[in-house]
Amino acid sequence: MATQPPSISPVKPPEGPGADDAGSVVMERRALRVQPPKMYQVVMLNDDYTPMEFVIAVLQELFSKDRETATQIMLKIHLDGRGICGVYSRDVAATKVDQVHEAALKAGHPLQATLEPVE
Ligand code: TYC
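Parameters and conventions
- Residues numbered from 1 in each chain as written.
- Predicted model: local features only at pLDDT ≥ 70, side-chain atom pairs only at ≥ 80, totals over all residues.
- Heavy atoms only, no water.
- Helix = DSSP H or I, 4+ residues; strand = E, 2+ residues; numbered from the N terminus.
- Near = heavy atom within 4 Å.
- Polar contact = N/O pair within 3.5 Å; in protein donor to acceptor, adjacent residues only side chain to side chain.
- Nonpolar A, V, L, I, M, F, W, Y, C, P; charged D, E, K, R; others polar.
- Buried < 20%, exposed > 50% of the residue type's maximum accessible area, 1.4 Å probe, protein only.
- Lys, Arg positive; Asp, Glu negative; His and termini not counted.
- Salt bridge = Lys/Arg side-chain N within 4 Å of Asp/Glu carboxyl O.
- Pairing = 2+ DSSP bridges.
- Axes fitted to C-alpha atoms, helices over the stretch in contact; angles between N-to-C directions.

A. Fine view of unusual backbone geometry. At Ser 64, a position not held by glycine, the phi torsion is positive, near 55°. Tracing the backbone through its elements, the reader meets Ser 64 in the loop between helix H1 (52–63) and helix H2 (67–80).

And the structure:
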C-alpha cells in the first residue's frame, strides 16, 4: 500500500493594517492521521458431512492452530454452526477462504468458510 505524503495547504496570511508580510503565502505542513487497516475474520461454517478430523487438520495447517485449539474451534463450529478461525487483513483473509475451499473441494467435502469485517 502506498503511503500518502503529508498534505500541504496554503494558508492565507493576516491582511490589513499590521500585517507585515501581506501578500505572501505560508505553506503549512499537516501530517495525515494514519488509520489502522480494516481487519476481517475468517468464519467457518458447520455442515453434516465434513469429517471432524479434516476440519481440525485445516485449522492446524491453514490457520496455524495447535491441535488442542483446533479441536476446540472445530467443536464450537459443530455445536454453534459457525466459528472464527482467525483475523487478518482483507487480502490474507480472502486467500485463507480460497485455501479452505480448495482443500475441501480436493478432498470432496462441502466445508465452507467466509470472511466478515471486524467492527
Ligand atoms: N458437523 C461435522 C460432523 O459432525 C463436523 C464439522 C465441524 C463440519 C466443523 C464442518 O466447520 C465444520 N462431521
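B. Quick peek at the site of the ligand. In the neighbourhood of the ligand, the contacting residues comprise Met 44, Leu 45, Asn 46, Asp 47, Thr 50, Met 52, Val 55, Met 74, Ile 77, His 78 and Leu 111. Leu 45 places a main-chain nitrogen or oxygen 2.8 Å from an oxygen atom of the ligand. Between the ligand and His 78, the relevant distance is 2.9 Å, taken from a nitrogen atom to a side-chain nitrogen or oxygen of the residue. Only strand E3 (39–45), H1 and H2 provide two or more residues apiece to the shell around the ligand. Residues that form the shell around the ligand fall into these classes: seven nonpolar, three polar and one charged.

C. Quick peek at the side chain of Asp 47. Looking at the element boundaries, Asp 47 is found in the loop between E3 and H1. Buried Asp 47, no salt bridge; nearest opposite-charge side chain is Arg 82, N-O distance 14 Å. Of note is the side chain of Asp 47, whose polar atom sits 2.7 Å from the backbone nitrogen of Tyr 49. In terms of polar contacts, Asp 47 uses its side chain to reach the backbone amide nitrogen of Thr 50, at 2.6 Å.

D. A look at the sheet that holds E3. The strand order across the open sheet formed by three strands is E4-E3-E5, and the pairing between neighbours is antiparallel. Looking along the sheet, the strands with just one partner apiece sit at the ends: strand E4 (82–89) and strand E5 (112–117). Across the sheet, the mean angle from the axis of one strand to that of its neighbour is 30°, orientation sign disregarded. When E3 meets E4, the two strands line up antiparallel, connected through seven bridges. Paired with Tyr 40 across the strands is Tyr 88, a residue of E4.

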